[in-house]
Amino acid sequence: MQMPTPDATILARKDQIVKRLQDVLPDGAVVHDPFETRAYECDALTAYKCPPLCAVLPASTAEVSAVMRVCHEEGVPVVPRGAGTSLAGGALPTSDSVILGVARLNDVLETDFANRIIRVQSGRTNLSVTGAVEEEGFFYAPDPSSQLACAIAGNIAMNSGGAHCLKYGVTTNNLMGVTMVMADGEVIEIGGAHLDAGGLDLLGLICGSEGQLGIVTEATLRILAKPEGARPVLVGFDSNEVAGHCVSDIIKSGILPVAIEFMDRPCIRATEAFAGAGYPDCEALLIIEVEGSDAEIDDQLSRITQIARAHNPVELRESTSAEESAKIWLGRKSAFGAMGQINDYMCLDGTIPVSELPLVLRRIGEMSKEYGLDVGNVFHAGDGNMHPLILFDANKPGDLEKCEAFGADILKLCVEVGGCLTGEHGVGVEKRDLMVSQYNQTDLEIQLAVKDVFDPNWLLNPAKVFPLSTTETRRAS
């Protein structure tokens, strides 16, 4: 993966830039010692690393605005960073950039249970949003696997989803408004505490824009009343393809589970060793969860198990207690960490039509043999958001490049069958050079024109989303 050529004039002015940032922020909010900035040299896509010029940790919208004004005047690129859990290199710095971390922006600013909203600073973690409202019987629906650590800022940047997005949607379906700081430091408000704002739908533009258009400092989120109950069923199969057909049949039946999660044998074995969730020894398993009253749950699970039995499962286990439900989900939530104990891996994020699951799973298996790299599959099967985990050895010359080529072929396959490059992880640096596989030049030019309006100097989150040659040409002009 190629990094952009750093601006030598910015590197030469590091002391001046740091001094100006220190003048507008409290003591300790500017990290510039080379040893300390190593903490910001990568995000969860650890295959790529680059220490930033420095990092800043503002605690308010006003402080973010002050930082952006300084960087705008100095011509310094800014890389927004939430909790650094991005799996697409979305927070990877360049050596001439300032990392703007939002970890100190973590307050709850307002709760309005009558109108079912909560307003938070964007550095607040995903799970703690639910923690702030659950005593009143509410929850925040998007639930990425990293929800214990990931920040709302990153969720908005990448339009994150999670296991329960099949029923409740992803971040854009639960985001109502933002406070955003523009590239020159101007503060704007978009959307708000209502279902539909007047004027252009700029909120839909901001969510999923990967820090290319501005820095979100506050967010107004939709909160929902907790369902009466929920219950998962675990179903094991003797092949990935059969499990894929089962998912397709459930969706075709008109049943809307709250989640349908898929894991294959490598992931099952890894999570069993890691979490001891009691999963069966099989080729593939599905975790299917439904919500509602006891009668609703019983009816939905009865129909789902009838569909599953038509595919001759090797095991079908319906949860009978809260403890058993938690154990079933423990394995799924532990999957990424468990796979990391086996080897280095790259986690992909292609999305496909559910009807194409059997074909794509078969082709991934075939490509795995062609490339000589193992792959584990764990993903949100209900909406076709796939997360193949390609295992490689980072210390073996050529393995990373082989892994990248394998991943590119999987993502191209997703586009070929009618899907797209990303569902919830974003493009970042991982998929930027694959954008031409999904979009033609006219499509890309429209996106570039939007970027030109919000960030005319191309200083926000450089070297992401768009092909590197395009980014460097735009920035030079």
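Data block above holds the structure.
All figures in this text were calculated on a predicted structure; none of them were measured in a lab.

Calculation criteria
Residues numbered from 1 in each chain as written. Predicted model: local features only at pLDDT ≥ 70, side-chain atom pairs only at ≥ 80, totals over all residues. Heavy atoms only, no water. Helix = DSSP H or I, 4+ residues; strand = E, 2+ residues; numbered from the N terminus. Buried < 20%, exposed > 50% of the residue type's maximum accessible area, 1.4 Å probe, protein only. Contact = heavy atoms within 4.5 Å. Salt bridge = Lys/Arg side-chain N within 4 Å of Asp/Glu carboxyl O. Pairing = 2+ DSSP bridges. Axes fitted to C-alpha atoms, helices over the stretch in contact; angles between N-to-C directions. 1 Å grid on protein atoms, 1.4 Å probe; cavity = no way out; pocket = protein on both sides within 12 Å on 5 of 7 lines; lining within 4 Å. Points joined across faces, edges and corners; volume = space filled by probe spheres on them. Nonpolar A, V, L, I, M, F, W, Y, C, P; charged D, E, K, R; others polar. Phe/Tyr/Trp six-rings, centres within 6.5 Å; stacked < 30°, edge-to-face > 60°. Lys NZ or Arg CZ within 6 Å of the ring centre and 35° of its normal. Expected span 1.5 Å × (residues − 1). Disulfide = S-S within 2.5 Å. Parallel < 35°, antiparallel > 145°, perpendicular 65-115°, else oblique. Left-handed = near helix turned anticlockwise from the far one by under 90°.

Draft legend 1. Broad picture of the side chain of Gln300. Take Gln300: it is sitting in helix α11 (residues 294–309). According to the relative accessible area criterion, Gln300 is buried, its value standing at 14%. For Gln300, the residues in contact, after removing those within four places along its chain, are Ile255, Leu256, Val290 and Glu291.

Draft legend 2. Broad picture of the pattern of salt bridges. Counted according to the given criterion, the structure contains 23 salt bridges. Between Asp455 and Lys451 there is a salt bridge; the shortest N-O distance is 2.8 Å.

Draft legend 3. Representation of the sheet that holds strand β6 (residues 117–121). The five strands lie next to each other as β5-β6-β10-β8-β9, forming an open sheet whose pairing is antiparallel. Across the chains shown, the open sheet's two edge strands, defined by having one partner strand only, are β5 (108–112) and β9 (187–191). Strand-to-strand, the axes of this sheet are offset by a mean angle of 10°, without reference to chain direction.

Draft legend 4. Expanded view of unusual backbone geometry. Within the chain, Arg116 stands out as a residue other than glycine whose phi angle is a positive 55°. With respect to the secondary-structure elements, Arg116 resides in the loop between β5 and β6. Unlike most non-glycine residues, Asn159 shows phi in positive territory, near 55°. Topologically, Asn159 is positioned in the loop between α6 (152–158) and α7 (165–168). According to the relative accessible area criterion, Asn159 is buried, its value standing at 18%.

Draft legend 5. Representation of the pairing of strand β8 (residues 175–181) in the model. Of all seven residues in β8, seven are buried, a share of seventy percent or more. The pairing of β8 with β9 spans five bridges and is antiparallel. Bridged to Gly177 within β9 is Gly191. Here β8 folds back onto β9 in antiparallel fashion, the turn holding five residues, of which Gly185 has a positive phi close to 100°.

Draft legend 6. Main features of the layout of surface pockets. By volume, the largest pocket amounts to about 700 Å³. Lining the largest pocket are 43 residues; nearest its centre among them are Thr85, Ser86, Gly154, Met158 and Ser160. When residues of the lining of the largest pocket are traced back to their parent elements, those giving at least two are β3 (78–81), α6, β10 (215–222), α12 (322–333) and α13 (335–340). Considering only residue class, the lining of the largest pocket consists of 18 nonpolar, 20 polar and five charged.

Draft legend 7. Representation of the packing of aromatic side chains within the structure. With the rule as written, the count across this model stands at five aromatic pairs. Centroid distance Phe113 to Phe138: 5.3 Å. Interplanar angle 35°. Geometry classified as tilted. On the criterion of sequence distance, the pair formed by Phe113 in the loop between β5 and β6 and Phe138 in strand β7 (residues 138–139) is long-range, its members being 25 residues apart. When the ring centre of Trp458 is taken as origin, the NZ or CZ atom of Lys451, which lies over that ring, is 5.2 Å away.

Draft legend 8. Region of interest: helix α14 (residues 357–371). When the terminal C-alpha atoms of α14 are compared, their 21 Å separation across 15 residues agrees well with the 21 Å that a helix rising 1.5 Å per residue should span. Listed in full, the buried residues belonging to α14 are Leu357, Pro358, Val360, Leu361, Ile364, Met367 and Ser368. Looking at the buried residues of α14, the elements they touch are α9 (240–252), β13 (259–264), β17 (375–380), β18 (388–392) and α15 (399–416).

Draft legend 9. View of the environment of Leu373. When you line up the elements, Leu373 lands in the loop between α14 and β17. For the pair Leu373 and Ser469, spaced 96 residues apart in sequence, the C-alpha separation works out to 30 Å.

Draft legend 10. Representation of the state of the cysteines within the structure. The tally for this structure, following the rule as stated, stands at zero disulfides. The thiol of Cys54 is unpaired, and the distance to the nearest cysteine sulfur, on Cys71, comes to 7.2 Å. In this structure Cys282 is not part of a disulfide, and its nearest cysteine sulfur, from Cys267, lies 12 Å away.

Draft legend 11. Seen up close, the packing of α9 against α14. At their nearest, the axes of α9 and α14 sit 8 Å apart, and the two run at 160° to each other. By the angle between their directions, the pair α9 and α14 is classed as roughly antiparallel. The crossing of α9 and α14 is right-handed. For the pair formed by α9 and α14, the contact residues are Asn240, Glu241, Gly244, His245 and Val247 on the first element and Leu357, Pro358, Leu361 and Arg362 on the second. Classifying every residue of the contact of α9 with α14 by side-chain character gives four nonpolar, three polar and two charged.

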